[in-house]
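Spelled out from the first residue to the last, the chains are:
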Amino acid sequence: MVREARKEDLNEILELYLCLHEESIPEKSNTLLDTWEQIIQDKSHHLLVNEVNGRIVSSCVCVIIPNLTRKVRPYAFIENVVTHTDFRGKGLASECLKYAKKIAKQNNCYKMMLLTGSKEEKTLDFYKNAGYNCTDKTAFIQWLDVE
């Protein structure tokens, strides 16, 4: 079942992010809790989770970004697409992306974008099968203060 994250989901989401690229769960700090509160309260920030038997096993983030072009239509940015390693290949992340698309359409977005750091053909095919393409735009990233 895909749904919006709730305040009490923080620990499970942080554990799930260990299957993404995180090496450890961040220490409970005011910064972490303030950031979580900001995410939960932000009407444009949708942290989506997919549950199996009450356990969060897949997730993605969909942020709606206001825009002055394209007839003043916003766009959606997708980030942190992840499925627990024990649950991959079951369509759970695809369900999260479909839910994100529904949110984007409800918000009159003219496009959805995502970036992936993966070069694995399986991952790239996953995004292509979800309706994304890698030919329309070129992405550039500048990392700031990377530790």
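Below: a short report on this structure. (Residues numbered from 1 in each chain as written. Predicted model: local features only at pLDDT ≥ 70, side-chain atom pairs only at ≥ 80, totals over all residues. Heavy atoms only, no water.)

### Some remarks on the layout of surface pockets
Looking at the second largest pocket, its volume works out to about 300 Å³. Lining of the second largest pocket is provided by 17 residues; of these, Leu 14, Tyr 17, Leu 32, Thr 35 and Ile 39 occupy positions nearest its centre. Only helix H1 (10-16), helix H2 (30-41) and strand S2 (45-52) provide two or more residues apiece to the lining of the second largest pocket. Of the residues forming the lining of the second largest pocket, the biggest block, five residues, is contributed by H2. Tallied by class, the residues present in the lining of the second largest pocket amount to eleven nonpolar, five polar and one charged. (1 Å grid on protein atoms, 1.4 Å probe; cavity = no way out; pocket = protein on both sides within 12 Å on 5 of 7 lines; lining within 4 Å. Points joined across faces, edges and corners; volume = space filled by probe spheres on them. Helix = DSSP H or I, 4+ residues; strand = E, 2+ residues; numbered from the N terminus. Nonpolar A, V, L, I, M, F, W, Y, C, P; charged D, E, K, R; others polar.)

### Observations regarding the pairing of strand S4 (residues 75-83)
Both strand S3 (residues 55-65) and S4 contribute to a ladder of seven bridges, which runs antiparallel. Counted as the bridge partner of Val 61 is Glu 79 from S4. Taken together, the three bridges between S4 and strand S5 (residues 112-114) define a ladder with parallel strand orientation. Paired with Phe 77 across the strands is Met 113, a residue of S5. (Pairing = 2+ DSSP bridges.)

### Regarding the environment of Val 61
In this fold, Val 61 is placed in strand S3. In this structure the C-alpha to C-alpha distance between Val 61 and Val 82, which are 21 residues apart in sequence, comes to 9.7 Å. Here Val 61 is in contact with Tyr 17, His 45, His 46, Leu 47, Phe 77, Ile 78, Glu 79 and Asn 80, once residues within four sequence places are set aside. (Contact = heavy atoms within 4.5 Å.)

### Here we look at a nonpolar patch on the surface
Taken together, the side chains of Leu 115, Ile 141, Trp 143 and Val 146 present a nonpolar region at the surface, about 450 Å² in accessible area. Within the secondary structure, Trp 143 sits in the segment after helix H4 (121-129). Since its relative accessible area comes to 66%, Trp 143 is described here as exposed. (Patch = residues over 30% accessible without salt bridge, like charges linked within 9 Å, V, L, I, M, F, W, Y side chains within 5 Å. Areas by Shrake-Rupley, 256 points an atom, 1.4 Å probe, with all protein chains shown as cover. Salt bridge = Lys/Arg side-chain N within 4 Å of Asp/Glu carboxyl O. Buried < 20%, exposed > 50% of the residue type's maximum accessible area, 1.4 Å probe, protein only.)

Geometry only, nothing functional implied.
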